[in-house]
Amino acid sequence: MTQRTDVVVIGGGQSGLAAGYHLRRLGVEHVILDAQTAPGGAWQHTWDSLRLFSPAAYSSLPGRLMPLQPGETYPDGRHVVEYLADYEKRYELPVQCGVRVDAVRRDGTRLRVEGDSGDWRARAVVSATGTWTRPFIPAVPGRREFSGRQLHTVQYRSPAEFAGQRVIVVGGGNSGAQIAADLASVAELTWVTRRPPRYLADDIDGRALFDAATARRRALDAGRTDTGGVASLGDIVAVPPVRAARDAGLLRATPMFSHLAEDGVAWADGTTAQADAIIWCTGFRPALAHFAPLGLRGTRGHIATVGTCAADEPRLHALGYGDWTGPASATLIGVGRPARDAAREIAELLRA
Ligand code: FAD
């Protein structure tokens with residue numbers, strides 16, 4: 001069955017909802033398709049102890065402040081899921097759950113969005129599929145030889161299952177630091193980072209990251225010197241559990257190993273460490289496989305864009321994947337502005 005609408009938004013996480021909010025305000029007919037059966041996007045799958053790196057008020061989508069979580073300055077993942085579910089309901093956003101989009105193709109004056117339960121013909125498409133479904137693990141020699149357990153950030157839930165085990169956590173970003181802090185007092189932890197961990201000053205948090213990303217985009221747009229953006233501040237927000245583990249001396253980082261062996265890892269100087277499990281907190285790539293039929297130009301898994309609009313397809317917008325789709329656009333507070341800009345551009349396109 002093929003249905004018609006003006007705009008299909010693919011993905012009903014925070015980015016898809018922000019797009020829906022602005023499309024609705026502009027009176028643009030749209031539908032939001034999401035592969036999962038429940039609201040909340042990737043936040044449904046984060047580990048139990050995860051804390052946002054910004055207070056609630058600085059983790060809000062357009063139109064509605066995230067309420068405080070009682071007793072917590074930095075809300076947890078469950079609180080975000082509840083907030084997104086409420087947001088979807090409050091603004092009556094037309095989300096269809098349990099619909100996976102496999103491909104987007106050109107189809108005359110429209111784009112054809114092929115889903116697992118039917119197709120849509122739309123005048124424009126917003127892709128907001130996030131990165132959670134494309135975990136990235138670097139190609140380190142010996143990865144197949146290791147006989148212990150290997151998992152990525154996306155599979156980590158809680159420290160209980162690693163109690164008493166020798167665990168290697170790889171990655172010097174927020175996920176690596178938070179999971180290392182989670183495990184530090186229950187497991188025999190080795191925390192491995194490519195460069196020494198760079199903590200943001202304790203008195204700054206995700207608000208500063210957003211400001212830095214915005215200042216960088218403004219500087220680049222105005223042809224001024226690159227401010228370095230978020231990277232200039234550090235990699236790790238010292239949320240309370242991370243700060244506590246660091247201050248207790250439990251978070252000592254070791255440089256990256258050179259390869260894996262059957263029973264653990266080894267460094268170039270011959271040092272080895274045995275391990276029961278390796279947790280790769282090594283990031284994500286954008287989930288853009290559904291664009292394949294469009295043959296869009298791009299590098300490093302990104303597509304070429306002007307703002308959020310695909311450089312090769314003016315009817316297509318990419319939202320929420322990272323700074324390349326708007327400053328801090330892969331954050332709750334940052335996605336609002338690029339979502340608004342994308343919705344305005346689409347409304348203009350539909351009027352033309
Ligand atoms: P997602 O939340 O991943 O949503 C995408 C949706 O698209 C999903 O529901 C998925 O089912 C659906 N989808 C995917 N592919 C398809 C398809 N082919 N067809 C149909 N549906 C599809 N940000 C902050 O602001 N503060 C923080 O403290 C913070 N901490 C973070 C901690 C971690 C560990 C991580 C990984 C990220 C964190 N972020 C934080 C970043 C960011 O807010 C999240 O990555 C966010 O989930 C991105 O939202 P999204 O809507 O773009 O993608």
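Not measured: the values here are computed from a predicted model.

1. What about the sheet that holds strand β12 (residues 264–266)?
Logical step 1: Here 3 strands make up an open sheet; going across it, the order is β11-β12-β13 and the pairing antiparallel. Each edge of the sheet is formed by a strand with only one pairing partner; in this case those strands are β11 (259–261) and β13 (272–274). The mean angle between the axes of side-by-side strands here comes to 25°, regardless of whether they run parallel or antiparallel.
Logical step 2: Taken together, the 3 bridges between β11 and β12 define a ladder with antiparallel strand orientation. Bridge assignment links His 259 to a residue of β12, and that residue is Ala 266.

2. Quick word on the side chain of Thr 308
Logical step 1: As for its placement among the helices and strands, Thr 308 is situated in the loop between β15 (305–306) and β16 (309–310).
Logical step 2: Engagement of the side chain of Thr 308 in a polar contact is seen with the side chain of His 317, the distance being 2.7 Å.
Logical step 3: With residues up to four places along the chain from it excluded, the contact list for Thr 308 reads Leu 316, His 317, Ala 318, Leu 319, Thr 325, Pro 338 and Ala 342.

3. Considering the packing of aromatic side chains
Logical step 1: Inspection of the entire model under this criterion finds 10 aromatic pairs.
Logical step 2: With centroids separated by 6.1 Å and ring planes inclined at 40°, the aromatic side chains of Tyr 21 and Tyr 87 adopt a geometry described as tilted. Highlighted residues: Tyr 21 in helix α1 (residues 14–25) and Tyr 87 in helix α2 (residues 77–90), separated in sequence by 66 residues.
Logical step 3: By relative accessible area, Tyr 87 is classed as buried at 0%.
Logical step 4: Each ring, one from Phe 257 and one from Trp 280, has its centre 6.2 Å from the other, and the planes form 70°; the classification is edge-to-face. Of this pair, Phe 257 sits in the loop between β10 (253–255) and β11 while Trp 280 sits in strand β14 (residues 277–280); the two residues are 23 residues apart in sequence, bridging distant segments of the chain.

4. Brief notes about the site of the ligand
Logical step 1: Residues in close proximity to the ligand total 30 residues, the closest being Ser 15, Asp 34, Gln 36, Phe 53 and Ala 330.
Logical step 2: Here Gln 36 contributes a side-chain N or O atom positioned 2.8 Å from an oxygen atom of the ligand.
Logical step 3: Protein contact buries 91% of the 990 Å² of open area that the ligand shows by itself.
Logical step 4: Class assignment of the residues belonging to the shell around the ligand gives a composition of 16 nonpolar, 12 polar and 2 charged.

About the thresholds
Residues numbered from 1 in each chain as written. Predicted model: local features only at pLDDT ≥ 70, side-chain atom pairs only at ≥ 80, totals over all residues. Heavy atoms only, no water. Pairing = 2+ DSSP bridges. Helix = DSSP H or I, 4+ residues; strand = E, 2+ residues; numbered from the N terminus. Axes fitted to C-alpha atoms, helices over the stretch in contact; angles between N-to-C directions. Polar contact = N/O pair within 3.5 Å; in protein donor to acceptor, adjacent residues only side chain to side chain. Contact = heavy atoms within 4.5 Å. Phe/Tyr/Trp six-rings, centres within 6.5 Å; stacked < 30°, edge-to-face > 60°. Buried < 20%, exposed > 50% of the residue type's maximum accessible area, 1.4 Å probe, protein only. Near = heavy atom within 4 Å. Areas by Shrake-Rupley, 256 points an atom, 1.4 Å probe, with all protein chains shown as cover. Nonpolar A, V, L, I, M, F, W, Y, C, P; charged D, E, K, R; others polar.

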